[in-house]
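So the chains spell out like this:
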Amino acid sequence: MTTFDAFARFAHTAPPTPPKPGQAPRPLEERLAYHSQFVTVRTPAIETLARQVRTLMILGRHQQVTARPSLIVTGPATTGKTTALLQVGRTCHLAHTRRAAPGDDSVPVAYVLVPPGATAKTLAGEFARYLGIPVAARMTTAQITTAVCHTYTAAGIKLVLIDEIHRLNPRTSTGAEAADWLKDLTERVPATFVYAGIDVTASAVFTGVRGAQLAGRASLIDCGALPARSGDREPFRELIAALEAALDLTAHRPGSLPRLAPYLHERTAGRIGSLARLIRQAAIEAILDGQERITKGLLDSIALDHLAEEHYRPRTPRRARPGSR
């Protein structure tokens with residue numbers, strides 16, 4: 001996904017299609033592949049990010065003097081940050097493709113991962129790799145930067161998505177150089193920048209003078225765990241219902257998963273990624289064992305990611321609250 005060709009393939013690949021009412025059962029292998037990919041549900045975070053990205057791209061379109069306003073998508077692990085980032089990038093890419101005149105070879109979106117222990121040079125190299133800009137070992141950071149800024153501007157990139165921003169550590173000398181490099185890039189490339197990372201506000205990225213510069217330019221979108229209830233709504237139950245409606249199982253009883261919402265919320269701590277994995281894995285198990293439906297027993301037999309398992313089945317028993325028996 002971190003090269004233009006790979007991102008373009010992702011953007012133009014049709015999302016998995018849920019079964020249509022009355023449709024004849026699809027072949028087993030096709031249904032296994034479908035649940036392996038599965039659908040992407042438009043979560044509140046995706047809706048908010050899409051709306052704000054559209055607004056900021058318009059806001060910054062004619063801004064020339066300073067860096068354009070940016071966005072930061074933050075939250076715990078497995079809460080859908082990368083999914084939200086990629087879906088907004090896909091929407092922007094496809095919208096550009098539909099409007100583009102014949103022969104238009106401009107590039108609307110860049111997607112870059114911050115490498116572990118990023119330095120200014122390795123980060124610049126990742127930006128160069130996305131557009132296939134040749135980089136030789138003898139090139140200086142300044143030379144790579146000049147090539148990146150020139151090529152990104154010439155390519156017409158309007159949206160830059162930077163994932164794993166929490167890997168940037170401005171408290172180290174190399175991390176500080178990388179943070180300064182990124183700030184410089186935002187002032188030289190006429191694009192809207194969107195960052196995503198784990199608990200960014202609590203990380204080193206938001207601390208000190210460099211962190212204050214980033215925080216002063218970026219709006220925050222919290223991609224946290226979904227609550228069981230929010231006012232009169234039950235967003236987690238609504239998400240479960242949307243995922244259940246997309247299942248391709250021959251004997252599953254509609255409504256049975258939303259009824260398990262309290263259990264599923266406790267099981268996954270409200271994390272979208274953990275819930276989606278649990279339901280996808282259960283659907284595949286249900287097909288392979290011939291059961292063709294998801295039950296609480298089946299869900300409980302599946303080992304989830306470590307974060308979810310530690311929340312649901314902690315190896316160290318939780319301390320009792322004062323006064324409880």
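Everything numeric in this text was worked out from a predicted model, so none of it was measured.

**Q** Whenever I open this one, the packing of aromatic side chains confuses me. Can you help?
**A** Describing an aromatic ring pair means giving the distance of the ring centres and the angle of the ring planes. One pass over the full model with this rule turns up 6 aromatic pairs. Taking 6.5 Å as the distance between ring centres and 75° as the angle between the ring planes, the aromatic pair formed by Phe4 and Tyr130 counts as edge-to-face. Taken together, the residues span a long stretch of sequence, with Phe4 in helix H1 (residues 4–12) and Tyr130 in helix H5 (residues 120–130) at a distance of 126 residues. On the basis of relative accessible area, Phe4 is assigned to the partly exposed category, the value being 23%. Relative to Phe38, the ring of Tyr34 has its centre 5.6 Å away and its plane inclined at 75°; by these criteria the two rings are edge-to-face. A residue is classified by how much of its surface remains accessible, and Phe38, at 3% relative accessible area, is buried. Ring pairs connect the aromatic residues Phe7, Phe10 and Tyr111, which therefore count as one cluster. When the ring centre of Tyr34 is taken as origin, the NZ or CZ atom of Arg26, which lies over that ring, is 4.9 Å away. Note that Arg90 overlies the ring of Phe10, its terminal NZ or CZ placed 4.3 Å from the centroid.

**Q** Where do I start with helix H7 (residues 173–188) in this structure?
**A** Because each turn of an α-helix spans 3.6 residues, side chains separated by three or four positions in sequence point in the same direction. Between its terminal C-alpha atoms H7 stretches 23 Å, which fits the 22 Å expected from 16 residues at 1.5 Å a residue. Within H7, the full set of buried residues consists of Gly175, Ala176, Ala178, Ala179, Trp181, Leu182, Leu185 and Thr186. In this structure, the buried residues of H7 make contact with H5, helix H6 (141–155), strand E3 (159–163), strand E4 (192–198) and helix H8 (208–217).

**Q** Teacher, can you tell me more about unusual backbone geometry here?
**A** Look at Phe38: it is not a glycine, yet its phi comes out positive at around 65°. Looking at the secondary structure, you find Phe38 in the loop between helix H2 (28–37) and helix H3 (44–59). If you check the backbone angles, Thr78 has positive phi at about 60° while not being a glycine. Checked against the element boundaries, Thr78 lands in the loop between strand E1 (70–75) and helix H4 (81–99). Take Thr78: its relative accessible area is 30%, and that puts it in the partly exposed class.

**Q** Looking at this structure, I do not really get the side chain of Thr74. What am I missing?
**A** The residue Thr74 is located in strand E1 in this model. A relative accessible area of 4% places Thr74 in the buried class. Setting aside its immediate chain neighbours within four residues, Thr74 contacts Lys81, Gly197, Ile198, Asp199, Val200, Thr201, Leu220, Ile221, Asp222, Cys223 and Gly224.

**Q** What should I look at first to understand the nonpolar core in this one?
**A** In summary, soluble globular proteins display a tendency toward joint burial of nonpolar side chains. Of all hydrophobic cores here, the largest spans 60 residues; its most connected members are Leu49, Phe127, Tyr152 and Leu182. In this structure Tyr152 touches Ala110, Val112, Phe127, Tyr130, Leu131, Ile133, Ile157 and Val189, once residues within four positions along its chain are discounted. Counting residues in hydrophobic clusters, the runner-up holds 29 residues, among them Leu249, Ala261, Ala282 and Ala286.

**Q** Just to check I follow, could you spell out the sheet that holds E3 for this structure?
**A** Pairing between sheet strands relies on hydrogen bonds along the backbone, with the strands arranged either parallel or antiparallel. In spatial order, the strands read E2-E3-E4-E1-E5; together these 5 strands make up an open sheet with parallel pairing. Edge positions in the open sheet fall to strand E2 (109–113) and strand E5 (218–222), since each of these has one partner strand only. Here the strands of the sheet are splayed against their neighbours by 20° on average, with no regard to which way each runs. Where E2 and E3 come together, 5 bridges link them in parallel fashion. Note on E3: the bridge partner recorded for Ala110 is Val160. Where H4 meets the sheet, it contacts E1, E2, E3 and E4, and its direction lies at approximately 160° from that of E3.

**Q** Please explain the pattern of salt bridges as it appears in this structure.
**A** In a structure, side chains of opposite charge can pair up when their charged atoms sit close to one another. Evaluation of the coordinates by the stated rule reveals 9 salt bridges. With its nearest N and O atoms 2.8 Å apart, the salt bridge here joins Arg31 to Glu292. On the criterion of sequence distance, the pair formed by Arg31 in helix H2 and Glu292 in the loop between helix H11 (272–288) and helix H12 (296–300) is long-range, its members being 261 residues apart. By relative accessible area, Glu292 is classed as buried at 10%. Here Arg188 makes a salt bridge to Asp184, at a shortest N to O gap of 3.4 Å. Of this pair, Arg188 and Asp184 are both found in helix H7, 4 residues apart, which corresponds to roughly one turn of the helix. Taking the relative accessible area as the measure of exposure, Asp184 reaches 28% and is therefore partly exposed.

**Q** Is there a simple way to think about the environment of Ala202 in this case?
**A** Its place among the elements puts Ala202 in the loop between E4 and H8. Of the residues examined, Ala202 reaches a relative accessible area of 68% and is grouped as exposed. Between the C-alpha atom of Ala202 and that of Glu164, which follows or precedes it by 38 residues, the distance is 14 Å.

Cut-offs used in this document
- Residues numbered from 1 in each chain as written.
- Predicted model: local features only at pLDDT ≥ 70, side-chain atom pairs only at ≥ 80, totals over all residues.
- Heavy atoms only, no water.
- Phe/Tyr/Trp six-rings, centres within 6.5 Å; stacked < 30°, edge-to-face > 60°.
- Helix = DSSP H or I, 4+ residues; strand = E, 2+ residues; numbered from the N terminus.
- Buried < 20%, exposed > 50% of the residue type's maximum accessible area, 1.4 Å probe, protein only.
- Lys NZ or Arg CZ within 6 Å of the ring centre and 35° of its normal.
- Expected span 1.5 Å × (residues − 1).
- Contact = heavy atoms within 4.5 Å.
- Core = buried A, V, L, I, M, F, W, Y, C linked by side-chain atoms within 4.5 Å.
- Pairing = 2+ DSSP bridges.
- Axes fitted to C-alpha atoms, helices over the stretch in contact; angles between N-to-C directions.
- Salt bridge = Lys/Arg side-chain N within 4 Å of Asp/Glu carboxyl O.

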